[in-house]
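As a plain string of letters, each chain reads:
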Amino acid sequence: MTLRQDIVGNAMQMAVVNLHPGQTVYCEAGKFLFKTTNVTMETRLGGPSGNAGGSQPQGGGGGGGMGGVLRQAMGTAMQVGQRALAGESLAFQYFTAQGGEGTVGFAGVLPGEMRALELNGTRAWFAEKDAFVAAESTVDFGIAFQGGRTGRKGGEGFVLEKFTGHGTVIIAGAGNFIDLNPAEFGGRIEVDTGCVVAFEEGIHYGVQRVGGLNRQGVMNAVFGGEGLSLATLEGNGQVILQSLTIESLANALRKAQGGDKQGPTGGLFSTNAG
């Protein structure tokens, strides 16, 4: 059953979701705005991936007896542990319409756009940490860890959110979105590591050094404001980028408060101490 939703607003968008009777949508803790009185709200640890967190109906064939309960508990514990390691919220909130149609509102945490992605079971979607807002209960939420080398070099690139299954998932980012396909630009694009919002399965995500260890490479790192790394996206598929990075927003707020920690050169010599 398709999730009926409208994304409204401009600078700070919200998603207004209309639920059929019995239909369930879940969100990350902190993304809920409002609901009608006939929509129930339940907070659970973990998400629906692998039926952990309670996506399987009560009384369903979940393996039976203590063995099934133990497997479900272990699955939930592993999922919560992954999310804790990734710095994500430990809990999800589930909303179900009872006795008629209901309405729920959600939003991201930064000024910017939202996007509804439709999953048909053939391709997963990956998103940067904190992009997830809400999804149908038929969409599985997971954590994907990039290789250690990529994570160490890229900072933001180590942890990704992964969405599989069927249905609608709603994501949010900062600023405005732009959609690109690396295949239309020679098969590869390079972007600021903080600009990546989401991409389809089939896109290879990596991180590379900005320039070599030469004069121009040092100039890029020290004065270019990008630090030492750029994200690379290769392949054929949809990529969503955002025009505002969390780091640039934080720096602008610090500067406005008289606490600019960038220094005269930014980039490599930037200090982000509070």
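Residues numbered from 1 in each chain as written. Predicted model: local features only at pLDDT ≥ 70, side-chain atom pairs only at ≥ 80, totals over all residues. Heavy atoms only, no water.

### Considering the pairing of strand β10 (residues 132-136)
Logical step 1: For β10, a buried count of five out of five residues is recorded, marking the element as mostly surrounded by other parts of the structure.
Logical step 2: Summarising the sheet, strand β3 (residues 24-28) and β10 pair through three bridges and their orientation is antiparallel. Opposite C27, over in β10, you have A134 as the bridge partner.
Logical step 3: As judged from the three bridges shared by β10 and strand β12 (residues 159-172), these two strands associate in the antiparallel manner. Across the sheet, residue A135 finds its bridge partner in β12, namely V169. (Buried < 20%, exposed > 50% of the residue type's maximum accessible area, 1.4 Å probe, protein only. Helix = DSSP H or I, 4+ residues; strand = E, 2+ residues; numbered from the N terminus. Pairing = 2+ DSSP bridges.)

### Let's talk about the sheet that holds strand β1 (residues 4-8)
Logical step 1: Taken in spatial order, the four strands of this open sheet run β1-β2-β7-β4, and their pairing is antiparallel. On the outer flanks of this sheet lie β1 and β4 (32-35), each paired with one strand and no other. The sheet shows a mean angle of 20° between the axes of neighbouring strands, taken without regard to direction.
Logical step 2: Pairing geometry for β1 and strand β2 (residues 14-19), over five bridges, is antiparallel. Within β2, the residue paired with V8 across the bridge is M14. (Axes fitted to C-alpha atoms, helices over the stretch in contact; angles between N-to-C directions.)

### Quick notes on the packing of aromatic side chains
Logical step 1: A complete count under the given rule lists twelve aromatic pairs for this structure.
Logical step 2: Ring geometry for Y26 and F92: centres 5.4 Å apart, planes at 85°, overall edge-to-face. Pair noted here: Y26 is in strand β3 and F92 is in strand β6 (residues 91-97), with a separation of 66 residues, a long-range link. A single burial state applies to Y26 and to F92, both of which are buried.
Logical step 3: An angle of 70° between the planes, with centres 5.3 Å apart, marks the rings of F92 and F141 as edge-to-face. Residue F92 is located in strand β6, and its partner F141 is located in strand β11 (residues 139-145); the two are separated by 49 residues in the primary sequence. You'll find F92 and F141 in the same group, each marked buried.
Logical step 4: An aromatic cluster is present here, built from Y26, F92, Y94, F132, F141 and F163 joined pairwise through their rings.
Logical step 5: A cation over an aromatic ring shows up here: R44 above the ring of Y94, its NZ or CZ 3.9 Å from the ring centre. (Phe/Tyr/Trp six-rings, centres within 6.5 Å; stacked < 30°, edge-to-face > 60°. Lys NZ or Arg CZ within 6 Å of the ring centre and 35° of its normal.)

### With respect to the confidence of the model for the chain
Logical step 1: Considering every residue of the chain, the mean pLDDT works out to 79; 66% of them sit at 70 or more.
Logical step 2: Throughout residues 264-269 the model reports pLDDT below 50, and contacts reaching past four residues in sequence, or to other chains, amount to 14 contacts. (pLDDT = per-residue confidence, 0-100. Contact = heavy atoms within 4.5 Å.)

### A closer look at the sheet that holds strand β14 (residues 188-191)
Logical step 1: Strand order across the open sheet formed by three strands is β14-β17-β16, with antiparallel pairing between neighbours. Among the strands making up the open sheet, the edge pair consists of β14 and β16 (204-209). Taking each pair of neighbouring strands and ignoring which way they run, the sheet shows an average axis angle of 30°.
Logical step 2: One ladder, built from four bridges, connects β14 with strand β17 (residues 229-234); its direction is antiparallel. Note that in β17 the partner of I189 across the bridge is L233.

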